[in-house]
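The primary structure of each chain is shown beneath.
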Amino acid sequence: MKNSGNANQADPAIYRHPTSLTGAETLWASLAGEGVRDVFGYPGGAILPAYDALRKFPIRHILVRHEQGAAHMADGYARASGRVGVAIATSGPGATNLVTGIANAMMDSVPIVCITGQVGSKVLGTDAFQEVDITGITLPITKHNYLVSRTEDIAPTIREAFLIAKSGRPGPVLVDITKDAQQNSAIFDFNAAAPEAYRPHPMLRADAASIREAIELMRTAKRPLILAGHGILQSNAVAQVRALAERTQTPVACTLLGLGAFPASHPLNLGMMGMHGESWVNQAIQQSDLLIACGMRFDDRVTGTLASYAPHAKKIHIEIDPSEINKNVAVDVALIGDLKDVLDAMLPELPAMDTSAWREAIDAMKGDAAVRDIQNLPDDGHLYAAHVMHDLWHATGGNAVIATDVGQHQMWEAQYYKHDHPRTLITSGGAGTMGFALPAAIGAKIACPEKEVWVVAGDGGFQMTASELSTIAQEKIKINIAVINNGYLGMVRQWQERFYDKNYECTPLLSPDFVKLADAHGIAGATARTRGEAVAAIEAARQHEGAFLIDFRVEQEDSVYPMVPAGAALHEMIRRPQSKPRNNPLVETASDA
Amino acid sequence: MLHTFVALVENKPGVLTRVASLFRRLNINITSLTVGESERADVSRMTIVAEAAPDRAHRMMASLYKLENVLEVDDVGRHSAVVRELAMVKVAAGPQTRAHLFELAKVFHARIVDLAPESLMLEITGGASKIEGLVQVLVESNYKILEMARTGRMAMRRGQHTSRVLEALREAPSSQSVLAGKPKQATAG
């Protein structure tokens with residue numbers, strides 16, 4: 001997959017013997033030394049010395065169309081592979097364009113390293129052309145950041161940045177490098193530049209006594225639940241969580257970012273919790289007498305109002321970040337440490353538990369919830385997004401990597417695409433960043449070229465980063481794109497319908513003909529207006545050699561159910577009305593109008 | 001309640017901003033923040049006093065530790081500690097009123113560090129209540145305070161040692177070498 005122009009000309013001896021290199025060469029040599037094979041970036045004045053040296057190193061550079069895309073691609077790359085993603089931009093606007101992507105990675109604890117060029121150290125602080133204080137701007141949205149103005153500091157800083165990005169609770173790290181630091185030369189000594197061992201957070205605490213306390217709570221629990229979060233993926237604790245669930249026969253509820261961390265088809269898996277979680281999951285949480293939270297942070301989107309959250313439950317919180325303990329929900333036992341290590345210590349001690357009555361009770365709740373299942377609604381000839389998700393899941397055997405954007409389609413995907421495998425759902429959870437899906441999918445495909453990768457985006461979010469279609473075309477990236485097109489900013493419209501008296505202010509959305517837009521980029525596409533067309537289009541996309549876009553014209557005023565309104569308790573869900581949804585004209589596009 | 005933390009941080013540019021920014025992000029007001037040199041040239045010492053609900057101490061401490069430049073945090077407010085503050089107070093005073101001020105200074109263990117024809121400067125060290133006591137007496141005695149500068153609190157735990165100090169004591173052959181540092185550099189900015 002390597003660009004022919006990027007043939008490795010760097011002498012591997014530079015890693016064995018200290019060698020004089022320019023800062024630009026040092027940057028790439030350090031990245032390559034850290035195992036980086038792909039970077040996402042956009043050149044510009046202050047980063048030009050680095051770009052000039054790129055061809056000497058075995059690194060593939062994907063030219064993005066906007067730096068936000070570069071950060072999201074690095075993010076998707078990291079989520080799909082578990083490796084650190086890298087984004088590169090120039091100073092000033094190039095750097096500020098990364099900001100949304102960095103904040104997104106911070107909220108979801110994704111390890112990325114962003115490299116930005118900076119004006120020369122002699123003019124720092126003078127409002128030089130394209131100067132911006134990017135370390136100041138990104139201070140609260142990075143795990144750490146650096147301003148490097150000396151060539152000899154580049155290698156140790158890059159190496160430390162990688163260590164920080166992926167250690168402990170992962171997160172984004174930004175390294176801002178002045179132009180002169182890139183241009184000057186210094187001795188490159190990769191081994192001497194190795195960082196000190198990572199300093200674990202001093203407040204980690206998962207000692208034998210705490211573990212015993214947790215085991216005691218489990219021994220007496222009658223209605224236990226495991227809450228499975230993103231930390232399971234970050235900590236590579238998928239097998240441990242599965243063992244925990246199976247040995248104690250404890251049902252598992254997943255957060256949005258935890259989907260895939262426990263197989264969706266596993267008999268103990270209940271599905272997603274939270275604002276748009278399955279009704280039986282939320283009810284089970286409210287009835288539970290023991291929550292075992294694994295690598296999740298009791299985000300407001302999963303708890304509903306805190307005052308009435310899981311009122312009967314003791315809580316065990318296994319979490320690597322001590323600042324998350326008792327932040328939103330007071331817990332009874334905190335096991336603060338790496339989830340995998342903590343569970344490894346717990347597994348031999350697990351008590352025998354009989355949960356059969358509890359599981360039967362949850363099954364009974366599931367039966368009741370089936371009335372909301374959109375698949376039981378009559379086929380009125382219209383296409384529902386939930387049907388599309390179901391058909392996509394069916395066609396791909398649940399094996400595809402799906403990058404979703406933010407909004408209604410994201411929730412439908414979470415509900416109807418059954419993720420059996422870790423790292424197959426890539427979505428913006430904490431930040432809720434529209435425009436994430438397309439670039440994140442590009443990053444995922446570059447990281448895992450052997451995987452089938454799909455973008456699932458709404459018509460609104462897709463247009464925020466649709467310029468990356470050019471990136472797909474230029475880099476010949478085979479991904480499939482599902483635009484869930486309802487002609488509205490759907491989730492906002494749903495809130496307007498519910499809470500703002502159907503005042504659809506500024507949510508109807510005129511879009512281009514997405515198939516023609518794809519065609520303009522040399523990307524194939526199809527429009528689907530019925531379920532039959534949808535199934536055929538999904539198959540056509542899968543068979544097509546290059547990238548393929550499907551414009552799914554779905555029911556316009558459909559809503560995501562169940563829904564826990566803001567300020568309500570988790571079990572106070574709005575359910576799908578049993579009457580048939582309104583018939584609406586299909587989506588109008590610019591070309592139809 | 002008032003929380004008092006001592007944080008040992010790397011002596012590097014921008015560290016103060018990171019700490020201050022953290023409190024801003026947590027929406028917690030910093031009552032006082034002092035930064036200066038410590039016994040190690042590469043480590044600065046901060047005393048942070050912040051007003052927040054009692055149950056927020058854990059989060060503040062855990063969040064401080066998440067900053068890569070923070071080496072050690074101690075919630076000294078929860079322990080027996082010496083807490084001191086230095087204040088300089090410039091008071092309008094002519095030859096007639098000086099004598100009374102000299103007396104006040106003596107009672108409060110303050111020092112007269114500057115004397116001008118129409119003013120004098122008091123320097124006082126102590127706990128916040130002592131300094132506030134002096135100020136109150138000055139005001140109630142109708143003295144005009146021309147200027148006042150307070151350093152904010154500095155704190156050090158009594159007897160009990162932090163893990164880092166214990167480590168240093170273990171490693172050091174004698175107490176003398178514990179305190180032997182390199183030449184001092186500029187403090188964190």
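Residues numbered from 1 in each chain as written. Chains lettered and ligands numbered in written order. Predicted model: local features only at pLDDT ≥ 70, side-chain atom pairs only at ≥ 80, totals over all residues. Heavy atoms only, no water.

Asks: I'd love a proper account of the nonpolar core, names of residues and values included.
Replies: Nonpolar side chains in soluble globular proteins generally cluster together in the buried interior. Residues and elements named next belong to chain A. Counting 66 residues, the largest nonpolar core has M218, I316, I318, M346 and F552 as the members making the most contacts within it. Residue assignment places this core across two domains, with domain 2 (208-367) and domain 3 (373-553) each supplying three or more. Ranked by size, the runner-up nonpolar core spans 53 residues in total, among them A95, L98, L174 and I442. (Core = buried A, V, L, I, M, F, W, Y, C linked by side-chain atoms within 4.5 Å. Buried < 20%, exposed > 50% of the residue type's maximum accessible area, 1.4 Å probe, protein only. Domains from an automatic or database assignment.)

Asks: With reference to specific residues and values, describe the domain arrangement of chain B.
Replies: Interfaces are often sized by the accessible area lost when the parts come together. By the assigned domains, chain B splits into domain 1 (2-79) and domain 2 (82-150). Taking the mean C-alpha position of each, domain 1 of chain B and domain 2 of chain B sit 30 Å from one another.

Asks: Got a sec to walk through the domain arrangement of chain A? Specific residues and values, please.
Replies: Residue and element names in this part refer to chain A. The assigned domain composition of chain A is domain 1 (4-188), domain 2 (208-367) and domain 3 (373-553). On a C-alpha basis, the centres of domain 2 and domain 3 stand 30 Å from each other. The partner domain 3 presents 17 residues to the 17 residues of domain 2 that form the contact. Summed over both sides, the interface between domain 2 and domain 3 buries roughly 1400 Å², with carbon and sulfur atoms accounting for 63% of that surface. It is L256, L259 and H276 that lose the most area in domain 2 upon contact with domain 3, and together they represent 37% of the buried surface on that side. (Contact = heavy atoms within 4.5 Å. Buried area = accessible area lost by both parts, 1.4 Å probe.)

Asks: Before we move on, can you summarise helix α21 (residues 490-499) of chain A with the specific residues and values?
Replies: Residues and elements named next belong to chain A. Residues of α21 that are buried: G490, M491, R493, Q494 and Q496. Contacts made by the buried residues of α21 are with α17 (408-416). With its phi angle positive at about 55°, D501 sits one or two positions after the end of α21. (Helix = DSSP H or I, 4+ residues; strand = E, 2+ residues; numbered from the N terminus.)

Asks: Tell me about the pattern of salt bridges, residues and numbers included.
Replies: All chains considered together, the criterion is met by 30 salt bridges over all chains. The partner of K12(B) in a salt bridge is E10(B), with the nearest N and O atoms 3.6 Å apart. Since its relative accessible area comes to 39%, K12(B) is described here as partly exposed. The exposure class of E10(B) is partly exposed, given its relative accessible area of 22%. A salt bridge links R150(B) to E85(B); the nearest nitrogen and oxygen atoms lie 2.9 Å apart. Of this pair, R150(B) sits in strand β8 (residues 145-150) while E85(B) sits in strand β5 (residues 81-92), and the two are 65 residues apart along the sequence. Overall, R150(B) belongs to the partly exposed group, its relative accessible area being 32%. Through salt bridges with shared partners, a single network forms among R169(A), D321(A), E324(A), K327(A) and K66(B). (Salt bridge = Lys/Arg side-chain N within 4 Å of Asp/Glu carboxyl O.)

Asks: Just give me the short version of the packing of helix α16 (residues 385-396) of chain A against helix α23 (residues 531-543) of chain A, but keep the residues and values in it.
Replies: Residues and elements named next belong to chain A. For the pair α16 and α23, interaxial distance at closest approach is 10 Å and the crossing angle is 40°. The angle between α16 and α23 places the two elements in the oblique class. As α16 packs across α23, the resulting crossing turns out to be right-handed. In this structure, α16 contributes H387, V388, H390, D391, L392, A395 and T396 to the contact, and α23 contributes R531, V535, I538, E539 and R542. Of the residues in the contact of α16 with α23, the class split is 5 nonpolar, 3 polar and 4 charged. (Axes fitted to C-alpha atoms, helices over the stretch in contact; angles between N-to-C directions. Parallel < 35°, antiparallel > 145°, perpendicular 65-115°, else oblique. Left-handed = near helix turned anticlockwise from the far one by under 90°. Nonpolar A, V, L, I, M, F, W, Y, C, P; charged D, E, K, R; others polar.)

Asks: Report on unusual backbone geometry, specifying residues and quantitative values.
Replies: Residue and element names in this part refer to chain A. Going from Y561 to P562, the amide bond is cis rather than trans, its omega being -10°. For P562, the location among the structural elements is in the segment after β20 (548-553). Unlike most non-glycine residues, N236 shows phi in positive territory, near 55°. Counting through the fold element by element, N236 comes out in the loop between α10 (231-234) and α11 (238-248).

Asks: Please set out the packing of aromatic side chains residue by residue, giving values where relevant.
Replies: All names here are of chain A. Tallying each qualifying case throughout the model produces 8 aromatic pairs over all chains. Among the aromatic residues, ring-to-ring pairing joins Y15, F188 and F190 into one connected group. One Lys or Arg, R159, reaches over the ring of F190 and ends 3.7 Å from the middle of that ring. The ring centre of Y488 lies 5.6 Å from the NZ or CZ of R493, which sits over that ring. (Phe/Tyr/Trp six-rings, centres within 6.5 Å; stacked < 30°, edge-to-face > 60°. Lys NZ or Arg CZ within 6 Å of the ring centre and 35° of its normal.)

Asks: Any chance you could break down the confidence of the model for chain B for me, citing the residues and the numbers?
Replies: Caution applies to low-pLDDT regions: their predicted coordinates should not be interpreted in detail. A residue-level look at chain B finds 85% of positions with pLDDT of 70 or above and a mean pLDDT of 88. pLDDT under 50 marks residues 174-189 of chain B. Its contacts with residues more than four places away, or in other chains, come to 27 contacts. (pLDDT = per-residue confidence, 0-100.)

Asks: Explain the packing of helix α1 (residues 23-33) of chain A against helix α7 (residues 154-166) of chain A to me, using residue names and the numbers behind them.
Replies: All names here are of chain A. Interaxial distance between α1 and α7 falls to 9 Å at its minimum, and their mutual angle equals 30°. By the criterion of interaxial angle, the relationship of α1 to α7 is roughly parallel. Crossing of α1 against α7: the hand is right-handed. Of the residues in α7, those in contact with G23, T26, L27, S30 and L31 of α1 are I154, A155, I158 and F162. In the contact of α1 with α7, the residues fall into 6 nonpolar, 3 polar and no charged.

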